[in-house]
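# Coordinate inspection notes
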Amino acid sequence: QGLKELVALQQLTLHISDCPITDVSLWGQGLQQLVALQQLTLTLEHCGRLTEISPLCLGLRHLVALQQLTLCFRDCDHLADISLLGEGLKELVAMRQLTLVFRNCDQLTDLSSFGQGLKDLFALQQLALTLEHCSRRTDLSSLGQGLKELVALQQLAITFGYCDQLSDISSLGEGLKNMAALQQLTLMFEHCGRLTNISPLCLGLKRLIALRHLTLSFSECNQLADVSLLGEGLKHLVAVQQLTLKLEHCSGRTEISSLGEGLQELVALRQLALTFSSCPWTADLSSLGQGLRKLVALQQVTLTFEHCDRSIDIFSLCRGLTKLVALQQLTLTFEVCNMLREISPLCLALKTLVALQQLTLTFRTCHWLTDLPLLGQGLKELVALQQLTLHISDCPITDVSLWGQGLQQLVALQQLTLTLEHCGRLTEISPLCLGLRHLVALQQLTLCFRDCDHLADISLLGEGLKELVAMRQLTLVFRNCDQLTDLSSFGQGLKDLFALQQLALTLEHCSRRTDLSSLGQGLKELVALQQLAITFGYCDQLSDISSLGEGLKNMAALQQLTLMFEHCGRLTNISPLCLGLKRLIALRHLTLSFSECNQLADVSLLGEGLKHLVAVQQLTLKLEHCSGRTEISSLGEGLQELVALRQLALTFSSCPWTADLSSLGQGLRKLVALQQVTLTFEHCDRSIDIFSLCRGLTKLVALQQLTLTFEVC
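Residues numbered from 1 in each chain as written. Predicted model: local features only at pLDDT ≥ 70, side-chain atom pairs only at ≥ 80, totals over all residues. Heavy atoms only, no water.

### Notes on the packing of aromatic side chains
Our working definition: Aromatic rings from Phe, Tyr and Trp, with only the six-membered ring used for Trp, were paired whenever their centres fell within 6.5 Å, and each pair was classed as stacked if the ring planes differed by under 30 degrees, edge-to-face if by over 60, and tilted otherwise. Counting from the N terminus, the helices are the DSSP runs of H or I reaching at least four residues and the strands are the DSSP runs of E reaching at least two. Only protein chains enter the accessibility calculation, which uses a 1.4 Å probe; a residue is then buried when its area is under 20% of its type maximum, exposed when over 50%, and partly exposed in between. Only Lys NZ and Arg CZ are tested; either one counts as a charge over a ring when it is within 6 Å of the ring centre and within 35 degrees of the ring normal.
This structure, assessed with the given rule, holds eleven aromatic pairs. Consider the rings of F652 and F681, whose centres lie 5.7 Å apart with planes at 50 degrees: the pair is tilted. With F652 in strand 23 (residues 647–653) and F681 in strand 24 (residues 676–682), this pair connects stretches of sequence that are 29 residues apart. Taken as a pair, F652 and F681 share a single burial class, namely buried. Among the aromatic residues, those joined into a ring-pair cluster are F276, F305, F334 and F363. It is R341 that lies over the ring of W368; its NZ or CZ is 5.1 Å from the centre.

What follows is the structure, encoded as structure tokens:
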């Protein structure tokens, strides 16, 4: 009724979620009056009492000026009747863009009306249809008939997910045949367990002569037995520039020789992404390799093999790659491919890709892949490479000497990410570290070692780092490397990185004694540093962090600082660290966390450190389960000097001094510019001085967001 008078309305969005709506009759009447409406979005979610939308559909037909329509029904699990949807749509002859979403509407059975309504939308340029978790039998014949009339359509996206009664999609193939203007097509079939044949769909592709972008996905369609005509459909798409194809967990007896034959005709192709997961035919990829050899204009290739229980014909695959002389980006992923036993063909292929600028290689849970070190030989020729990412997980690698030699040649490299996870045989990385020092153009470096529980020697890391004078961003992660004892080399290497702007260091579950004195000395030289994040987790031998405080004193340019100490049971004193804060005059964002540091006895100088940070706008402080005899009156005194502060988050958990928060309250009263405050008290066995706390809050007249949590108090 309220809508009826809005005759000038051009855009309307209604989002109704989890409301007891049963009748949309008045909505339909209201819509009839909106003759100027150009854009309408209606979303109904979790409206379990709604059974039919006929009045709404009839209201649509009066919107003769409508150009964009989105109807979204999610979790309306009693919605069964959309029989008049087509009646409403067919009058919208000016419409350019239509989106329909039915998700978890498992009473829905009949789409015929929708298909009939499409026939008259001659001006439609974009159509998106999603049916997910609509488990009743769905007849698509009418939809196919409607699609045949959309001769002006340029973009089409159809998604069927968890439609376990869907078996016949031949009408979609028929519908595609008249779409000579179509430029983008996305067809997604996921968990459609009765889908067995896509041949008619493949034949429908042949007519799409203007198509530029094609995405086809068949995931968990485990009865899909025949994709032989896929190549036949592809070979006619001579204008396609971007192709994405996913065949995941399609365990039927399939054969893809035609895929390679189709690929080789796509002479305009610039981007190709293929994903094969749990597919039974990876032992013979000769046709695919032959197809790749013809695509000499390709610039980006992504190939993913997952859960391949049979061998992978990497020879044929890599022979195809060798001819891609224009290739600039290559991503290869092998995940849980236990029959993959060698990568020497890949190394040979890499040597030919001299134009390559970005390379990403992932090998995860390839237990028999023993020749991973040979990757280094393949890298040597990639002199144009600018970005390199290597992710090795749960593989039997012991020696990285050849990797170090390969890195030496990558003089143009600007970004390097190396992640080694669950490589329990790896004991030292010295050759790799020495290879780093040749990367004179490197600006971003990430080294991550997780669960390498025999890695003990990183003594040459600093030697590798100190030559990287152009580096702007450095991230180092050592997690569950419990043989690691010496960080002195790393600290020494930092000293020469004068251009470094971002540094992140994480040590977690490294239980041996760690001396941070060298790290502190290195930090002192990083005068250009703008962002610093250091995390120590479960380092139960860590007791002295005074050198970190010393390291902070020269960082006049630092804008963001995060220091996290979690489960460091021997840490008792943070006073030197607090005093180091005083010099950070440019700091804007500060996060300090002390969790489960149950011997921490003195935080009295924390406020003294804070009071000098007059530029800080965001402060997060956590004191959790710090059960030593602490006292925080200085915290309030420090807070009241932070006149620029806009966001404040304080967490106190199992702390013994909550009975007196007068100083904290006094500090809050001065922070009149605060806009967001979050205060959390957890497991406070003593009383909480809520009076002082709330007196502080009364003065925060600019406050926009307040979050207070009292848990187990």
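### Comments concerning the nonpolar core
Rule in force here: Nonpolar core, defined: a set of buried Ala, Val, Leu, Ile, Met, Phe, Trp, Tyr and Cys residues in which side-chain atoms within 4.5 Å join the residues together. Contacts are assigned to residue pairs with any non-hydrogen atoms lying within 4.5 Å of each other.
Ranked by internal contacts, the top residues of the largest apolar core, which has 235 residues, are L98, F189, F363, L474 and F565. Beyond its immediate chain neighbours, meaning those up to four positions away, F189 contacts F160, L166, I169, L172, L195, L201, S217, F218, S219 and C221.

### A look at the packing of helix 23 (residues 662–669) against helix 24 (residues 690–697)
Put simply, the test is: For every element, the axis is a line fit to its C-alpha atoms; helices are fit only across the contacting stretch, and the angle between N-to-C directions ranges from 0 to 180 degrees. Here roughly perpendicular refers to angles of 65 to 115 degrees, roughly parallel to angles under 35, roughly antiparallel to angles over 145, and oblique to all remaining angles. Following the grouping adopted for this structure description, the nonpolar residues are Ala, Val, Leu, Ile, Met, Phe, Trp, Tyr, Cys and Pro, the charged ones are Asp, Glu, Lys and Arg, and the polar ones are all others, Gly among them.
The contact between helix 23 and helix 24 brings their axes to 7 Å, and the two run at 5 degrees. In terms of orientation, helix 23 and helix 24 fall into the roughly parallel class. Contacts from S662, L664, G665, L668 and R669 in helix 23 reach S692, L693, R695, G696 and L697 in helix 24. Residue composition of the contact of helix 23 with helix 24, grouped by class: four nonpolar, four polar and two charged.

### Considerations on the pattern of salt bridges
Selection criterion: By definition here, a salt bridge exists when the distance from a side-chain nitrogen of Lys or Arg to a carboxyl oxygen of Asp or Glu is within 4 Å.
Applying the stated criterion across every chain, the model contains 15 salt bridges. The partner of R61 in a salt bridge is E87, and the shortest N-O contact between them spans 3.9 Å. Taken together, the residues R61 in the loop between helix 2 (54–60) and strand 3 (68–74) and E87 in helix 3 (residues 85–89) connect sequence positions 26 residues apart. A salt bridge links E608 to K582, with the shortest nitrogen-to-oxygen separation between them at 3.9 Å. Here K582 lies in the loop between helix 20 (575–581) and strand 21 (589–595) and E608 lies in helix 21 (residues 606–610), a separation of 26 residues in the sequence. Three or more residues joined by partner-sharing salt bridges are found here, namely R61, E87 and K90.

### Things to note about the pairing of strand 13 (residues 358–364)
To be explicit about the condition: When DSSP finds at least two bridges between two strands, those strands are taken to pair. Assignment of crossover handedness uses the view with strands pointing away from the viewer, where a clockwise path from the first strand over the helix to the second indicates a right-handed crossover.
Here strand 12 (residues 329–335) runs beside strand 13; their pairing, made up of seven bridges, is parallel. For T333, the partnering residue across the bridge sits in strand 13 and is T362. Each parallel crossover has a hand, and the one from strand 12 via helix 12 (residues 344–352) to strand 13 is right-handed. In this sheet, strand 14 (residues 387–393) lies alongside strand 13 in parallel orientation, the contact comprising seven bridges. Counted as the bridge partner of F363 is I392 from strand 14.

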